[in-house]
Amino acid sequence: MSPVIEVAHLTKRYRETVAVDDVSFVVEKDTIYGLLGRNGAGKTTIMSILTAQNFATSGEVRVFGESPYENAHVLSRMCFVRESQKYPDDATAAHALRIARLFYPNWDQDLADRLVEDFQLPLTRRIKKLSRGQLSAVGVIIGLASRAEITFFDEPYLGLDAVARQLFYDRLIADYSEHPRTIVLSSHLIDEVAALLGHVIVVDRGRVLLDESAEELRERATTVLGDTATVDRFLSGRDVIHRESLGRVTSATVLGALSPLERRELADAGLELAAVPLQQLVVRLTLHAADTETREVVR
Amino acid sequence: MDEGRALFLQIAESVEDSIVGGTLAEQERAPSTNELAAFYRINPATAAKGVNMLVEKGILYKRRGIGMFVAAGARAQLLAERRAAFAERFIAPLLAEARKLDLDADDLTALLREHAAAASTTIEGTSP
Amino acid sequence: MNRTLAVARMQLVNKQTFIWVPLLIIAGAFVVSWLIYFIITSAMGDAPARGQGFNGASQAALWYFLVIGVQAMSLTFPFSQAMSVTRRTFYLGTGLLAAGTGAVLATLYTLLAVPELATGGWGVGSYMFAVPWVTDGAWYEGWLFFFAVTLLVFVLGFWVATIYKRFGSAVLTTLLMGLALAIVALIALVTWQGWWGNVGAWFAAQTPLTMALWMLALTVALGISSYGTLRRATP
């Protein structure tokens, strides 16, 4: 258990909005983290603050045990290419990669070359003339080839078609296997990345909704399906994050693991149990949180 | 990849399946963690967990610097394990479904014999 | 490679910005000036003396350095952040480049002044590099003057761009307007107090060297201000 990033009570306030609201978490070494959440949830803001590109209003951030602000020793070991990264005006993809090579101590040119071929990136075209997908590819290639000890991928797949996305995931797994490092991947295509993640942090409206290992998450919730009366009986006293009915059949998602005994009982009662895929869990948790807050406000 | 059960268990199971099925022989090199991760497109740590579980069970063993290998007697061990779990895995759900369809034990036995006979005819028909 | 030098190299990716356009402007101004004086000489029958008639060609490239200063910040700073470069390193690397550019320009002008004087203004009395008063003293005074002017204009552009990046257009506009008003107020004060004589005398007493030093002092002030602003700027 060795944390490389420690965030304590991080808050970022703009004039009217709170983009990050008292967020605390820890990022362990050499693990793939998923930073999941809706658009505008605060994912990019958090990553910007961790890399000292943006500043916290309050709270503390420690990377490799030190504050990252203006800390070349810490910053050079991180890589954060954001979703809509700005490049120098006349730069071509070749320029961007050549420059990245100057700044990232672990840069692997062979990997970069292979990736350029994989993504069919036109090296001599000006970046501002590249398509959205090709622009994303530049960022992805820099992120992967940097082999930085902590690499952030901010919604890296935007503009990438399904083939390119799969290519990215494959290359990510392969390179991470050979050269383990800490990776933080923000995404809202949750089901696509679910199997890649070692640890999941879900952010919603600036707050952390979930912060657990991917394995634990599988036990986090269960969907129960069956006769409405039976289901509702089971639901009483439990944390229900989703419920919908069709005729006399109800499907509900409850938080909390079920013991084998409970499972047997439910099966005997004629109820079907199903695991909750990560995307569904995140969506339902997020909606439930929004719903609860609205109800509290109304109250 | 089935959503229902832990990924590392599914990984372990798929390796066990190939041992039981014969595609992975004893003393043969088993797929490495990285190969499994790449093939199933999952986090290498998860694949490693599955592999470690098999090592602990005695199905695989590690040869330093070379990789993971299938232990001697692994197949026999797995067959024994699966026979023991057979009733729980297959028979219990079978009975549950049969109950829904109003089939009793005698009906089931008749069905079993019928299909077993048909199956062996097919096998004989296609045997080398 | 040292990260500061790497920043300078990164800035130079914009080759068009840093090299080609300035060269183009200087070359263009040179040609235009020559043509104009060719016409004048043909009309007058004799090349005009140096210093007669204002040759604006010298400053053609100068204003472009204002643009370069702005772009060094606005176009390259966000990318430098993505390259995990500290703001300090970015500032120093860019400053290094600015100084280098200034030195190159100053050297270019100083060197080209020699043939210019020798040919009596390229045969037509067109003086662009041997600027009157500036280059009349020792060669290094002229060199320092050109260097200081270029650097000042670059830093001015950089300073403006930094404020814009950090505070936005509203603040920048207000600031510039405030400065303009301050200058107008100053002029009004000087006029009202009848100090123009003193002002004129002070200017007359300056040499290219002292002017260069004043400009460098102002450059340093703007430099410090832009660094302070940069420290809290976000890409």
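Conventions used here
- Residues numbered from 1 in each chain as written.
- Chains lettered and ligands numbered in written order.
- Predicted model: local features only at pLDDT ≥ 70, side-chain atom pairs only at ≥ 80, totals over all residues.
- Helix = DSSP H or I, 4+ residues; strand = E, 2+ residues; numbered from the N terminus.
- Rg over C-alpha atoms; globule rule 2.2 N^0.38 Å.
- Buried ≥ 20, exposed ≤ 12 C-beta atoms within 10 Å, placed from the backbone.
- Contact = placed C-beta atoms within 7 Å.
- Axes fitted to C-alpha atoms, helices over the stretch in contact; angles between N-to-C directions.
- Parallel < 35°, antiparallel > 145°, perpendicular 65-115°, else oblique.
- Left-handed = near helix turned anticlockwise from the far one by under 90°.
- Nonpolar A, V, L, I, M, F, W, Y, C, P; charged D, E, K, R; others polar.
- Core = buried A, V, L, I, M, F, W, Y, C linked by C-beta atoms within 7 Å.
- Domains from an automatic or database assignment.
- Pairing = 2+ DSSP bridges.

Draft legend 1. Spatial organisation of the overall build of chain B. When helices and strands are tallied, chain B shows 5 helices and 2 strands. The secondary structure elements of chain B, listed N-terminal to C-terminal, are α-α-α-β-β-α-α. What you see for chain B is a C-alpha radius of gyration of 19 Å, clearly larger than the 14 Å of a compact globule of 128 residues, by over 25%. For chain B, the spread of C-alpha atoms along the three principal axes comes to 55 × 35 × 25 Å. Counting every position in chain B, which comprises 128 residues, the buried fraction comes to 20%. Intrachain contacts of chain B at a sequence separation of at least 6 include 58% that bridge at least 24 residues.

Draft legend 2. View of the packing of helix H5 (residues 87–118) of chain C against helix H7 (residues 139–167) of chain C. Residues and elements named next belong to chain C. It is at 8 Å that the axes of H5 and H7 come closest, and there the two elements cross at 140°. Between H5 and H7, the angle falls in the class oblique. The two elements H5 and H7 cross, and the hand of that crossing is right-handed. Touching Ala98, Ala99, Thr101, Gly102, Ala103, Leu105, Ala106, Tyr109 and Thr110 of H5 are Trp139, Gly142, Trp143, Phe146, Phe147, Thr150, Leu151, Phe154 and Val155, all from H7. Among the residues making up the contact of H5 with H7, the classes are represented as 13 nonpolar, 5 polar and no charged.

Draft legend 3. Representation of the nonpolar core within the structure. The biggest cluster of nonpolar side chains holds 157 residues, and the ones touching the most others in it are Tyr33, Ala96, Val138 and Ile141 of chain A together with Ala148 of chain C. Of the residues forming this core, the biggest block, 17 residues, is contributed by H7 of chain C.

Draft legend 4. Expanded view of the interface of chain B and chain A. Listed by partner, the interface residues are 13 residues for chain B and 16 residues for chain A. Contributing elements (two or more residues each) for the side of chain B that touches chain A: helix H2 (33–40) and helix H3 (44–57) of chain B. With 3 residues, the single largest contributor to the side of chain B that touches chain A is H2 of chain B. Grouping the amino acids of the side of chain B that touches chain A by side-chain chemistry returns 8 nonpolar, 3 polar and 2 charged.

Draft legend 5. Structural context of the domain arrangement of chain B. Considered domain by domain, chain B is made up of domain 1 (7–72) and domain 2 (86–126). The C-alpha centroid of domain 2 of chain B is placed 32 Å from the C-alpha centroid of domain 1 of chain B.

Draft legend 6. Summary view of the domain arrangement of chain A. Residues and elements named next belong to chain A. Each domain of chain A was delimited in the assignment, giving domain 1 (3–205) and domain 2 (217–298). On a C-alpha basis, the centres of domain 1 and domain 2 stand 34 Å from each other. Each partner contributes to the interface: domain 1 provides 8 residues, whereas domain 2 provides 8 residues. Going through the elements one at a time, helix H7 (190–193) and strand S8 (199–204) are the ones with two or more residues in the side of domain 1 that touches domain 2. No other element matches S8, which puts 3 residues into the side of domain 1 that touches domain 2. Within the side of domain 1 that touches domain 2, the residues separate by chemical class into 5 nonpolar, no polar and 3 charged.

Draft legend 7. Seen up close, the pairing of strand S2 (residues 67–70) of chain B. Residues and elements named next belong to chain B. Bridging between strand S1 (residues 60–63) and S2 involves 4 bridges; their strand directions are antiparallel. Bridging from a neighbouring strand, leucine 60 pairs with valine 70 of S2. Where S1 folds back on S2, the antiparallel hairpin that results is connected by 3 residues, among which glycine 65 adopts a positive phi of roughly 80°.

Draft legend 8. Local environment of the interface of chain C and chain A. Facing the 26 residues of chain C at the interface are 24 residues of chain A. Elements represented by at least two residues in the side of chain C that touches chain A include exactly helix H1 (3–11), helix H2 (15–44), helix H4 (77–82) and H5 of chain C. Classifying every residue of the side of chain C that touches chain A by side-chain character gives 11 nonpolar, 9 polar and 6 charged.

Draft legend 9. Seen up close, the sheet that holds S8 of chain A. Residue and element names in this part refer to chain A. The 6 strands lie next to each other as S5-S6-S7-S3-S8-S9, forming an open sheet whose pairing is mixed. The open sheet has two free edges, formed respectively by strand S5 (78–81) and strand S9 (207–213), since each of these has just one partner strand. Each neighbouring strand pair of the sheet contributes to a mean axis angle of 15°, computed without reference to strand direction. Alignment of strand S3 (residues 32–36) against S8, held across 4 bridges, turns out to be parallel. Along S8, the bridge assignment pairs leucine 35 with isoleucine 201.

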